[in-house]
Amino acid sequence: MGEVDSLSDLLAEAGEIAMGYFRRVQPEWKLSRSLVTEADRQVQEYLTRRLRAHFPSDGIIAEEDDLRVPPTAGTRYWVIDPIDGTASFVAGLPVWGIGIALVEDGRAVEGYFHVPMTGDTWSAPPDGSVRLNGEEVLIKPPAPLYAESVILAFSRMHRVYRLSRSYRGKVRSLGSTIGHMCFVAAGSADVAILDRVWIWDLAPGLAMLTRNGGVLRYLHGAEVSLTQLIDGGRALQRMICGHPDAVARVEALLAV
């Protein structure tokens, strides 16, 4: 394993596990005040077992129970988000998915995200372009914001930031951080504004963003380093991602 087809197949198999629980789960609250379900646990167990079998010397970082298995050699970690968008999953909404990334020396060098409800898989394999269902996709080229521009945002952004009335475009919150990053990397949205999330929420989408020339920055600050998050902490501040020019334009429209 290691080729995109094999990892995409693995995600599709994990998606079938998750779909077996969809609209049939009783959620629980974690200490972090986020939701977890048996689907999260079963998908994580499956992916962890398969990845450790194929890459025994690599480390594993996964969301549930703050799983961390250090590498026995080298600096490679497989980062797993078993269900990104658990709240949407619990609510019966369609935008949730399964994310995997390979992080080496603090860089997201491969990323994969599968949305079972649509059958879509975004991938940044080791051999080049970012792909959606096998077809190359590109980030939006720099252009002025207009009425059909799209900002993707975390659900409570309106409680934290004011967006200038001069912005004529749209703001949407679809329920999945990785999904938001994938939509930006693939040109479906201009930028995404992200909450203070964890490495498993960021690494798969970051691999696709950087491969397509995008950036992930702290709002009005420096680029985000996964090295700072690899030990389990949340991002230091809220973040924004997209083409560098689009990020600068949207940042200029935001105020606390």
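As shown above, the structure is provided for reference.
These numbers come from a predicted model, not from an experiment.

*Asks:* Explain the nonpolar core here, please?
*Replies:* The nonpolar side chains of soluble globular proteins are, as a tendency, buried together. Residues I199, L216 and M239 are the most contacted members of the largest nonpolar core, which totals 43 residues. Top contributing element to this core by residue count: helix 5 (residues 199-211), with eight residues. Excluding residues that lie within four positions of it along the chain, I199 makes contacts with I61, V79, L226, L229 and I230. Residues A39, Y46, F55 and I60 belong to the second largest nonpolar core, which totals 25 residues.

*Asks:* Is there a simple way to think about the environment of V109 in this case?
*Replies:* Tracing the sequence through the fold places V109 in strand 7 (residues 107-115). Sequence-wise, V109 and M208 are 99 residues apart; in three dimensions their C-alpha atoms are separated by 8.8 Å. If sequence neighbours within four positions are ignored, V109 has contacts with L102, E104, A124 and R211.

*Asks:* Quick question: what am I supposed to make of the packing of aromatic side chains here?
*Replies:* For any two aromatic rings, the description comes down to two numbers: the centre-to-centre distance and the angle of the planes. Under the defined criterion, the tally for this structure stands at seven aromatic pairs. Look at F22 and W96: their rings are 5.5 Å apart centre to centre, the planes differ by 40°, and that puts the pair in the tilted class. Of this pair, F22 sits in the loop between helix 1 (4-19) and strand 1 (28-29) while W96 sits in the loop between helix 3 (86-91) and strand 6 (97-104), and the two are 74 residues apart along the sequence. Here F22 and W96 have matching classes, each one buried. Relative to F183, the ring of W122 lies with its centre 5.4 Å away and its plane at 85°, an arrangement referred to as edge-to-face. Highlighted residues: W122 in strand 8 (residues 120-124) and F183 in helix 4 (residues 177-185), separated in sequence by 61 residues. F183 matches W122 in its accessibility class, with the two residues each being buried. Through a chain of ring-to-ring contacts, three or more aromatic side chains come together here, namely F22, F89 and W96.

*Asks:* Which parts of the structure should I look at to understand the packing of helix 4 against helix 5?
*Replies:* The geometry of a pair of packed helices is captured by two quantities: the angle between their axes and the separation between those axes. Two elements in contact, helix 4 and helix 5, have axes whose closest approach is 8 Å; the angle formed by their N-to-C orientations is 10°. What the angle tells us is that helix 4 and helix 5 run roughly parallel. Only W200, D201, L202, P204, G205, L206, M208 and L209 of helix 5 make contact with helix 4, whose side of the interface consists of T177, I178, M181, C182, V184 and A185. Here the contact of helix 4 with helix 5 is composed, by residue class, of eleven nonpolar, two polar and one charged.

The rules behind each value
- Residues numbered from 1 in each chain as written.
- Predicted model: local features only at pLDDT ≥ 70, side-chain atom pairs only at ≥ 80, totals over all residues.
- Heavy atoms only, no water.
- Core = buried A, V, L, I, M, F, W, Y, C linked by side-chain atoms within 4.5 Å.
- Buried < 20%, exposed > 50% of the residue type's maximum accessible area, 1.4 Å probe, protein only.
- Helix = DSSP H or I, 4+ residues; strand = E, 2+ residues; numbered from the N terminus.
- Contact = heavy atoms within 4.5 Å.
- Phe/Tyr/Trp six-rings, centres within 6.5 Å; stacked < 30°, edge-to-face > 60°.
- Axes fitted to C-alpha atoms, helices over the stretch in contact; angles between N-to-C directions.
- Parallel < 35°, antiparallel > 145°, perpendicular 65-115°, else oblique.
- Nonpolar A, V, L, I, M, F, W, Y, C, P; charged D, E, K, R; others polar.

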